[in-house]
Amino acid sequence: MVENVAGVMAELEPEDFYLLSGVEQGMRFSEWVNREKLPEYANLTDEEVEYRVDRCSDRGLIRRKTIQYEGYQLTFRGYDALALHTFAERDTVLGVGAPLGVGKESDVYEVESYRPFALKFHREGYTNFREVSKGRDYTADRQHVSWQYTARKAAEREYGALEDLYPDVSVPRPVDHNRHAIVMEKLPGPELADAKLRSEQVVGVLDLVLREVAAAHRVGYVHADMSEYNVAVSEDGVVVFDWPQSVGTDHENADELLARDVANLIGYFRRKYPRETPEVDADAVADAIAGGEFESVRTFGEAEQ
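Predicted model only: the values in this text are computed from it and were never measured. (Residues numbered from 1 in each chain as written. Predicted model: local features only at pLDDT ≥ 70, side-chain atom pairs only at ≥ 80, totals over all residues. Heavy atoms only, no water.)

Engineer: I keep staring at the domain arrangement of the protein and nothing clicks. Help me out?
Structural biologist: Interfaces are frequently sized by the accessible area removed from exposure as the parts join. As assigned here, the protein comprises domain 1 (5-185) and domain 2 (192-300). Relative to domain 2, the C-alpha centre of domain 1 lies at a distance of 32 Å. In this assembly, 19 residues from domain 1 lie in contact with 15 residues from domain 2. Around 1,300 Å² of area is buried between domain 1 and domain 2 when both sides are counted, 59% of it from carbon and sulfur atoms. Taken as a group, Leu 165, Val 169 and Ser 170 account for 34% of the area that domain 1 buries against domain 2, more than any other trio of residues on that side. Where domain 1 touches domain 2, the interface holds one salt bridge. (Domains from an automatic or database assignment. Contact = heavy atoms within 4.5 Å. Buried area = accessible area lost by both parts, 1.4 Å probe. Salt bridge = Lys/Arg side-chain N within 4 Å of Asp/Glu carboxyl O.)

And the structure:
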(Lines give C-alpha, C1' and ligand atoms only; values in the text may rest on other atoms or scores of the structure.)
Protein backbone atom coordinates (compact mmCIF):
# COMPACT_ATOMS: atom_id res chain seq x y z
CA MET A 1 0.00 0.00 0.00
CA VAL A 2 2.64 2.55 1.03
CA GLU A 3 4.90 1.77 -1.91
CA ASN A 4 2.08 3.00 -4.13
CA VAL A 5 1.67 6.29 -2.28
CA ALA A 6 5.44 6.79 -2.29
CA GLY A 7 5.26 6.90 -6.08
CA VAL A 8 2.84 9.85 -6.11
CA MET A 9 4.47 11.88 -3.33
CA ALA A 10 6.57 13.85 -5.83
CA GLU A 11 3.39 14.80 -7.74
CA LEU A 12 1.69 16.35 -4.73
CA GLU A 13 1.72 20.09 -4.13
CA PRO A 14 1.53 21.94 -0.79
CA GLU A 15 -2.17 22.70 -1.35
CA ASP A 16 -2.88 18.98 -1.79
CA PHE A 17 -1.55 18.40 1.71
CA TYR A 18 -3.70 21.30 2.98
CA LEU A 19 -6.71 19.49 1.55
CA LEU A 20 -5.68 16.15 3.06
CA SER A 21 -5.06 17.80 6.44
CA GLY A 22 -8.49 19.42 6.22
CA VAL A 23 -10.18 16.08 5.62
CA GLU A 24 -8.16 14.64 8.49
CA GLN A 25 -9.35 17.41 10.80
CA GLY A 26 -12.95 16.91 9.77
CA MET A 27 -12.76 13.18 10.45
CA ARG A 28 -12.23 13.99 14.13
CA PHE A 29 -15.93 14.88 14.21
CA SER A 30 -17.54 12.79 11.50
CA GLU A 31 -16.81 9.62 9.55
CA TRP A 32 -17.54 11.48 6.31
CA VAL A 33 -16.54 15.13 6.12
CA ASN A 34 -19.10 17.49 4.60
CA ARG A 35 -17.79 19.05 1.38
CA GLU A 36 -19.09 22.43 2.53
CA LYS A 37 -16.78 22.32 5.57
CA LEU A 38 -13.59 21.65 3.61
CA PRO A 39 -12.68 25.27 2.77
CA GLU A 40 -12.72 26.07 6.49
CA TYR A 41 -10.85 22.91 7.55
CA ALA A 42 -8.25 23.13 4.76
CA ASN A 43 -7.86 26.92 4.76
CA LEU A 44 -8.44 26.97 1.01
CA THR A 45 -10.91 28.78 -1.24
CA ASP A 46 -13.95 26.88 -2.49
CA GLU A 47 -12.52 26.85 -6.03
CA GLU A 48 -9.16 25.53 -4.76
CA VAL A 49 -10.90 22.80 -2.76
CA GLU A 50 -12.78 21.70 -5.88
CA TYR A 51 -9.51 21.36 -7.80
CA ARG A 52 -7.66 19.62 -4.97
CA VAL A 53 -10.50 17.19 -4.30
CA ASP A 54 -10.25 15.98 -7.90
CA ARG A 55 -6.44 15.65 -7.73
CA CYS A 56 -6.49 13.73 -4.45
CA SER A 57 -9.42 11.53 -5.51
CA ASP A 58 -7.68 10.60 -8.76
CA ARG A 59 -4.64 9.49 -6.76
CA GLY A 60 -6.65 7.40 -4.32
CA LEU A 61 -5.87 9.63 -1.33
CA ILE A 62 -9.51 10.40 -0.46
CA ARG A 63 -12.83 8.78 -1.24
CA ARG A 64 -16.26 10.29 -1.79
CA LYS A 65 -19.68 9.20 -0.62
CA THR A 66 -23.05 10.84 -1.15
CA ILE A 67 -25.25 10.46 1.92
CA GLN A 68 -27.39 13.34 3.17
CA TYR A 69 -24.54 15.46 1.88
CA GLU A 70 -21.42 15.12 -0.27
CA GLY A 71 -18.88 13.59 2.11
CA TYR A 72 -15.17 12.83 1.92
CA GLN A 73 -12.89 10.54 3.86
CA LEU A 74 -9.16 9.90 3.88
CA THR A 75 -8.06 6.53 2.61
CA PHE A 76 -5.15 4.89 4.39
CA ARG A 77 -3.16 5.88 1.30
CA GLY A 78 -3.97 9.51 2.05
CA TYR A 79 -3.14 9.08 5.71
CA ASP A 80 0.16 7.45 4.71
CA ALA A 81 0.89 10.44 2.48
CA LEU A 82 0.41 12.87 5.37
CA ALA A 83 2.74 10.88 7.64
CA LEU A 84 5.38 10.46 4.93
CA HIS A 85 5.21 14.19 4.19
CA THR A 86 5.90 14.99 7.82
CA PHE A 87 8.78 12.50 8.04
CA ALA A 88 10.26 13.99 4.86
CA GLU A 89 10.03 17.51 6.30
CA ARG A 90 11.89 16.28 9.37
CA ASP A 91 14.52 14.52 7.21
CA THR A 92 13.64 11.26 8.98
CA VAL A 93 12.69 9.43 5.77
CA LEU A 94 14.38 9.99 2.42
CA GLY A 95 12.72 7.14 0.53
CA VAL A 96 10.63 4.00 0.94
CA GLY A 97 12.03 0.58 0.14
CA ALA A 98 10.80 -3.00 0.07
CA PRO A 99 8.11 -4.36 2.40
CA LEU A 100 9.47 -6.13 5.48
CA GLY A 101 6.16 -7.47 6.71
CA VAL A 102 2.46 -6.98 5.97
CA GLY A 103 -0.22 -8.05 8.41
CA LYS A 104 -3.82 -7.42 9.44
CA GLU A 105 -2.96 -4.58 11.82
CA SER A 106 0.26 -3.13 10.40
CA ASP A 107 2.47 -2.80 7.34
CA VAL A 108 6.25 -2.51 7.75
CA TYR A 109 8.66 -1.22 5.11
CA GLU A 110 12.35 -0.56 4.85
CA VAL A 111 13.09 3.15 4.54
CA GLU A 112 16.08 5.15 3.39
CA SER A 113 17.47 7.56 5.95
CA TYR A 114 20.87 8.36 7.41
CA ARG A 115 20.86 4.61 8.11
CA PRO A 116 18.40 1.85 7.15
CA PHE A 117 15.31 1.89 9.35
CA ALA A 118 11.91 0.25 9.44
CA LEU A 119 8.71 2.24 8.91
CA LYS A 120 5.61 0.76 10.54
CA PHE A 121 2.13 1.91 9.56
CA HIS A 122 -0.59 0.87 11.98
CA ARG A 123 -3.77 -0.35 10.26
CA GLU A 124 -5.92 -1.12 13.31
CA GLY A 125 -9.60 -0.72 12.65
CA TYR A 126 -9.44 -0.19 8.89
CA THR A 127 -10.81 -3.55 7.77
CA ASN A 128 -12.64 -4.60 10.95
CA PHE A 129 -13.09 -1.40 12.88
CA ARG A 130 -15.90 -2.42 15.23
CA GLU A 131 -14.12 -5.54 16.42
CA VAL A 132 -10.79 -3.78 16.95
CA SER A 133 -12.33 -0.81 18.75
CA LYS A 134 -13.91 -3.16 21.31
CA GLY A 135 -10.49 -4.43 22.33
CA ARG A 136 -8.73 -1.05 22.73
CA ASP A 137 -9.23 0.81 25.98
CA TYR A 138 -8.22 4.10 24.34
CA THR A 139 -11.53 4.09 22.39
CA ALA A 140 -13.79 3.49 25.36
CA ASP A 141 -14.65 7.10 26.24
CA ARG A 142 -15.23 8.55 22.76
CA GLN A 143 -18.60 8.84 21.07
CA HIS A 144 -17.12 9.06 17.56
CA VAL A 145 -14.14 6.82 16.95
CA SER A 146 -12.67 6.52 13.45
CA TRP A 147 -10.19 3.96 12.12
CA GLN A 148 -7.87 6.93 11.77
CA TYR A 149 -8.07 7.65 15.49
CA THR A 150 -7.70 3.98 16.41
CA ALA A 151 -4.57 3.52 14.28
CA ARG A 152 -3.02 6.77 15.54
CA LYS A 153 -3.60 5.87 19.18
CA ALA A 154 -2.10 2.41 18.62
CA ALA A 155 1.02 4.01 17.14
CA GLU A 156 1.21 6.54 19.99
CA ARG A 157 0.93 3.78 22.55
CA GLU A 158 3.57 1.62 20.89
CA TYR A 159 6.01 4.50 20.42
CA GLY A 160 5.56 5.59 24.02
CA ALA A 161 6.24 2.06 25.22
CA LEU A 162 9.38 1.78 23.07
CA GLU A 163 10.67 5.08 24.44
CA ASP A 164 10.13 3.87 27.99
CA LEU A 165 11.58 0.40 27.41
CA TYR A 166 14.67 1.24 25.32
CA PRO A 167 17.50 0.52 26.11
CA ASP A 168 16.72 -1.37 29.33
CA VAL A 169 14.72 -3.91 27.34
CA SER A 170 15.79 -5.35 23.99
CA VAL A 171 13.22 -3.63 21.76
CA PRO A 172 13.66 -1.79 18.44
CA ARG A 173 15.14 1.64 19.07
CA PRO A 174 12.43 4.25 18.43
CA VAL A 175 13.47 6.97 15.97
CA ASP A 176 10.40 9.06 15.09
CA HIS A 177 6.61 9.01 15.21
CA ASN A 178 3.82 10.77 13.34
CA ARG A 179 0.12 9.97 13.17
CA HIS A 180 -0.24 6.20 12.67
CA ALA A 181 3.40 5.63 11.71
CA ILE A 182 6.59 4.80 13.60
CA VAL A 183 10.18 4.83 12.37
CA MET A 184 12.41 2.44 14.30
CA GLU A 185 15.47 0.27 13.97
CA LYS A 186 15.11 -2.74 11.72
CA LEU A 187 14.84 -6.14 13.34
CA PRO A 188 18.20 -7.93 13.45
CA GLY A 189 16.98 -11.34 12.32
CA PRO A 190 13.98 -13.56 11.56
CA GLU A 191 10.96 -14.04 13.77
CA LEU A 192 11.22 -16.79 16.34
CA ALA A 193 8.56 -18.70 14.40
CA ASP A 194 10.90 -18.88 11.39
CA ALA A 195 14.13 -19.47 13.30
CA LYS A 196 15.66 -22.95 13.30
CA LEU A 197 17.30 -23.40 16.69
CA ARG A 198 19.82 -26.13 17.39
CA SER A 199 19.03 -28.41 20.32
CA GLU A 200 21.63 -26.78 22.54
CA GLN A 201 20.17 -23.31 21.83
CA VAL A 202 16.54 -23.94 22.74
CA VAL A 203 16.54 -23.37 26.50
CA GLY A 204 18.98 -20.50 26.18
CA VAL A 205 16.78 -18.65 23.70
CA LEU A 206 13.66 -19.29 25.79
CA ASP A 207 15.51 -17.88 28.79
CA LEU A 208 16.57 -14.81 26.80
CA VAL A 209 12.99 -14.06 25.80
CA LEU A 210 11.65 -14.56 29.32
CA ARG A 211 14.39 -12.33 30.71
CA GLU A 212 13.25 -9.57 28.36
CA VAL A 213 9.69 -10.11 29.59
CA ALA A 214 11.06 -9.77 33.12
CA ALA A 215 13.06 -6.66 32.21
CA ALA A 216 9.94 -5.06 30.73
CA HIS A 217 8.05 -5.87 33.92
CA ARG A 218 10.72 -4.10 35.97
CA VAL A 219 10.33 -1.02 33.76
CA GLY A 220 6.57 -1.23 34.31
CA TYR A 221 5.20 -2.96 31.20
CA VAL A 222 3.47 -6.20 30.26
CA HIS A 223 3.56 -6.94 26.52
CA ALA A 224 0.08 -8.55 26.58
CA ASP A 225 0.41 -10.13 23.12
CA MET A 226 3.54 -12.29 23.30
CA SER A 227 4.01 -15.02 20.75
CA GLU A 228 6.61 -16.50 18.44
CA TYR A 229 5.64 -13.84 15.88
CA ASN A 230 6.86 -10.80 17.82
CA VAL A 231 10.31 -11.96 18.87
CA ALA A 232 13.26 -11.57 16.49
CA VAL A 233 16.27 -13.87 16.89
CA SER A 234 19.85 -13.20 15.84
CA GLU A 235 23.40 -14.11 16.84
CA ASP A 236 23.36 -11.09 19.15
CA GLY A 237 20.28 -12.19 21.09
CA VAL A 238 16.56 -11.51 20.87
CA VAL A 239 14.46 -8.40 20.24
CA VAL A 240 10.83 -8.16 21.38
CA PHE A 241 8.62 -6.04 19.12
CA ASP A 242 4.94 -5.10 18.56
CA TRP A 243 3.95 -3.26 21.75
CA PRO A 244 0.66 -1.45 20.92
CA GLN A 245 -1.42 -3.69 23.20
CA SER A 246 1.00 -3.43 26.14
CA VAL A 247 -0.31 -2.42 29.56
CA GLY A 248 1.29 -1.04 32.68
CA THR A 249 2.09 -3.37 35.55
CA ASP A 250 -0.50 -1.42 37.56
CA HIS A 251 -3.25 -2.42 35.10
CA GLU A 252 -6.06 -4.41 36.72
CA ASN A 253 -5.40 -7.37 34.40
CA ALA A 254 -1.59 -7.13 34.34
CA ASP A 255 -0.96 -10.35 36.25
CA GLU A 256 -3.39 -12.30 34.06
CA LEU A 257 -1.86 -10.88 30.87
CA LEU A 258 1.68 -11.63 32.07
CA ALA A 259 0.68 -15.22 32.83
CA ARG A 260 -0.83 -15.54 29.35
CA ASP A 261 2.32 -14.13 27.72
CA VAL A 262 4.51 -16.62 29.57
CA ALA A 263 2.16 -19.52 28.82
CA ASN A 264 2.15 -18.60 25.10
CA LEU A 265 5.95 -18.57 24.94
CA ILE A 266 6.50 -21.78 26.88
CA GLY A 267 3.68 -23.45 24.96
CA TYR A 268 5.31 -22.58 21.65
CA PHE A 269 8.67 -24.01 22.72
CA ARG A 270 6.99 -27.13 24.09
CA ARG A 271 5.23 -27.70 20.75
CA LYS A 272 8.21 -27.03 18.50
CA TYR A 273 11.01 -28.37 20.71
CA PRO A 274 9.33 -30.91 23.02
CA ARG A 275 12.48 -32.85 23.89
CA GLU A 276 14.62 -29.85 24.70
CA THR A 277 12.08 -27.70 26.58
CA PRO A 278 11.54 -28.43 30.29
CA GLU A 279 8.08 -29.28 31.55
CA VAL A 280 7.40 -26.23 33.67
CA ASP A 281 4.48 -24.55 35.38
CA ALA A 282 3.98 -21.36 33.35
CA ASP A 283 2.13 -19.70 36.23
CA ALA A 284 5.10 -20.31 38.52
CA VAL A 285 7.43 -18.77 35.93
CA ALA A 286 5.11 -15.74 35.62
CA ASP A 287 5.04 -15.36 39.41
CA ALA A 288 8.85 -15.44 39.48
CA ILE A 289 9.00 -12.76 36.78
CA ALA A 290 6.51 -10.58 38.65
CA GLY A 291 8.51 -11.03 41.84
CA GLY A 292 11.81 -10.19 40.17
CA GLU A 293 13.17 -13.68 40.83
CA PHE A 294 13.32 -15.28 37.37
CA GLU A 295 16.71 -16.66 36.29
CA SER A 296 16.10 -19.69 34.06
CA VAL A 297 13.45 -22.23 33.18
CA ARG A 298 16.00 -24.86 34.14
CA THR A 299 15.17 -24.16 37.77
CA PHE A 300 11.52 -25.01 37.17
CA GLY A 301 11.78 -28.43 35.51
CA GLU A 302 13.82 -30.90 33.56
CA ALA A 303 13.83 -31.59 29.83
CA GLU A 304 12.35 -34.88 28.67
CA GLN A 305 14.90 -37.57 28.10
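Engineer: For this particular structure, what's the right way to read the nonpolar core?
Structural biologist: Within soluble globular proteins, side chains that are nonpolar generally end up buried alongside one another. Ranked by size, the top nonpolar core spans 52 residues in total, and within it Leu 197, Leu 210, Trp 243, Val 262, Phe 269 and Ile 289 carry the most contacts. Put simply, the parts of the chain that give this core at least two residues each are α7 (147-165), β8 (181-185), α8 (202-219), β9 (221-222), β10 (231-234), β11 (237-240), α9 (254-272) and α10 (282-290). When residues in this core are grouped by element, the largest group, 10 residues, is from α8. Residues contacting Val 262, with those up to four places away along its chain left out, are Leu 210, Ala 282, Val 285, Ala 286 and Ile 289. The next biggest cluster of nonpolar side chains, apart from the first, holds 38 residues, and it includes Ala 42, Leu 44, Val 93 and Val 111. (Core = buried A, V, L, I, M, F, W, Y, C linked by side-chain atoms within 4.5 Å. Buried < 20%, exposed > 50% of the residue type's maximum accessible area, 1.4 Å probe, protein only. Helix = DSSP H or I, 4+ residues; strand = E, 2+ residues; numbered from the N terminus.)

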